[in-house]
Amino acid sequence: MELKSICVYCGANFNGDPRLKEAVENLAAVFAERKIRLVYGGGSVGVMGLLADAVLQKGGTVTGVIPQFLMDKEVGHNSLTEIIITENMHQRKKKMADLSDAFIILPGGFGTLEEFFEVLTWLQLGLHNKAIGVLNVAGFYDHLFAQMDVMVEQRFLKPSNRALVFNEGNPEELVAKMTKFDTVPDEVWFKDRNLT
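Counting starts from 1 at the beginning of each chain's written sequence and moves along it residue by residue. At least 70 in pLDDT is required for a residue's local features to be given in this predicted model, at least 80 for side-chain atom pairs to be given and counted, and no such filter applies to totals for whole chains, interfaces and linings, which use all residues. The side-chain quantities take in all heavy atoms of the structure and omit both hydrogens and water.

Colleague: Summarise the pattern of salt bridges; cite the residues concerned and give the values.
Modeller: For salt bridges, the criterion is a side-chain nitrogen of Lys or Arg within 4 Å of an Asp or Glu carboxyl oxygen. A full pass over the atoms with the stated rule returns nine salt bridges. When the shortest N-O distance is used, the salt bridge between Glu25 and Lys58 registers 2.7 Å. With Glu25 in helix α1 (residues 18-33) and Lys58 in the loop between α2 (46-57) and β3 (62-67), the pair connects residues that are 33 residues apart, well separated along the chain. Whether a residue is buried, partly exposed or exposed follows from its accessible area with a 1.4 Å probe, protein chains only, as a fraction of its type maximum: under 20%, in between, or over 50%, in that order. On the basis of relative accessible area, Lys58 is assigned to the partly exposed category, the value being 34%. Glu114 is paired through a salt bridge with Lys93; the nearest N and O atoms lie 2.5 Å apart. With Glu114 in helix α5 (residues 110-124) and Lys93 in helix α4 (residues 89-99), the pair connects residues that are 21 residues apart, well separated along the chain. On the accessibility criterion, Lys93 (9% relative accessible area) is buried. One salt-bridge network, held together by shared partners, links Lys21, Glu25 and Lys58. For helices the rule is a DSSP run of H or I covering at least 4 residues; for strands it is a run of E covering at least 2, with both sets numbered from the N terminus onward.

Here's what the structure looks like:
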């Protein structure tokens, strides 16, 4: 699958971790080299701002999607290739998903996790067929993947659905795996609720 644009969900804060800064720079380089457009939440702050700046500095293209109320709070990025202003958060999320061929998750907080699980649930339900990758910087999401394993052990999550997410620490390897993504929705999910 050719990836022309990838939506990245990440934090509106940056914790100062040099490993995260390096991962952001490396991911930006992959985007620029492969001519992949970054689609993200349009902010100028935190990991979002670092990533957008890094892609732009490397000659890449960036589309930001941001609701009006956040633009009004002056957290919108003013130097993007394209900025799309929506009325609310729901429109923002839909637009970001519609514009993208795949999704990458970087470290973040509640908002990042909410966006991650939303697109992952949509994939599980067969509402889209786009790859989802977690750039697991310095083990940031190890506990989250451990929780998914508990969900499988306790039979709330099928192993086939647990396997829908790529978990990589290297941006180049992550994007390479995502280009080979191909899945068919598990029809059994709709026929019965036996999770064994």
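Colleague: If you had to explain the layout of surface pockets to someone new, which residues and values would you point to?
Modeller: Here a cavity is any set of points on a 1 Å grid over the protein atoms alone where a 1.4 Å probe fits but cannot get out, and a pocket is any open set with protein on both sides within 12 Å along at least 5 of 7 lines; a residue lines the site when it has an atom within 4 Å of a point. Grid points are joined across faces, edges and corners, and a volume is the space filled by probe spheres set on the points. Estimates place the volume of the largest pocket at around 490 Å³. Lining the largest pocket are 35 residues; nearest its centre among them are Cys10, Gly11, Ala12, Gly109 and Thr112. Of all the secondary-structure elements, those providing two or more residues to the lining of the largest pocket are β1 (5-9), α1, α2, α4 and α5. At five residues, the largest contribution of residues to the lining of the largest pocket is made by α5.

Colleague: Explain the pairing of strand β5 (residues 102-105) residue by residue, including any values.
Modeller: Alternating positions in β5 separate into two faces, Ala102 and Ile104 on one and Phe103 and Ile105 on the other, with burial throughout. Pairing between two strands is assigned when DSSP locates at least 2 bridges connecting them. Sheet analysis places β1 next to β5, joined by four bridges and oriented parallel. Bridging across to β5, Tyr9 finds its partner in Ile105. Relative to strand β6 (residues 131-135), β5 is paired through four bridges, and the arrangement is parallel. When the bridges of β6 are listed, Phe103 appears paired with Ile132. Handedness of the crossover is the feature at issue here: the chain leaves β5, passes through α5, returns alongside β6, and the resulting connection is right-handed. For the handedness criterion, the strands are oriented away from the viewer, and a crossover whose path from the first strand over the helix to the second runs clockwise is classed as right-handed.

Colleague: Lay out the nonpolar core with the relevant residues and their values.
Modeller: As used in this record, nonpolar core signifies buried Ala, Val, Leu, Ile, Met, Phe, Trp, Tyr and Cys residues forming a set joined through side-chain atoms within 4.5 Å. Val8, Leu51, Ile104, Leu106 and Phe116 are the most contacted members of the largest nonpolar core, which has 55 residues in total. Ranked by residues supplied to this core, first place goes to α1 with seven residues. Residues are treated as being in contact if the distance between any of their heavy atoms lies within 4.5 Å. The residues touching Leu106, leaving out its near neighbours within four places in the chain, are Val8, Tyr9, Cys10, Val24, Leu27, Val47, Leu51, Thr112, Leu135 and Tyr141.

Colleague: Can you break down the sheet that holds β5 residue by residue, with the values?
Modeller: Read across the open sheet, the seven strands follow the order β4-β3-β2-β1-β5-β6-β7; overall the sheet is parallel. Every other strand in the sheet has two partners, leaving β4 (82-86) and β7 (165-168) as the edge strands with one partner each. Adjacent strand axes in the sheet meet at a mean angle of 25 degrees when their direction is disregarded. Taken together, the three bridges between strand β2 (residues 37-40) and β3 define a ladder with parallel strand orientation. Following the sheet pairing, Leu38 is matched in β3 by Val62. Lines fitted to the C-alpha atoms define the axes, with helices restricted to the stretch that makes contact. Angles between their N-to-C directions range from 0 to 180 degrees. Sitting on the sheet, helix α8 (residues 171-179) touches β5, β6 and β7, and the angle it makes with β6 is about 170 degrees.

Limitation: the analysis is restricted to geometry and does not speak to function.
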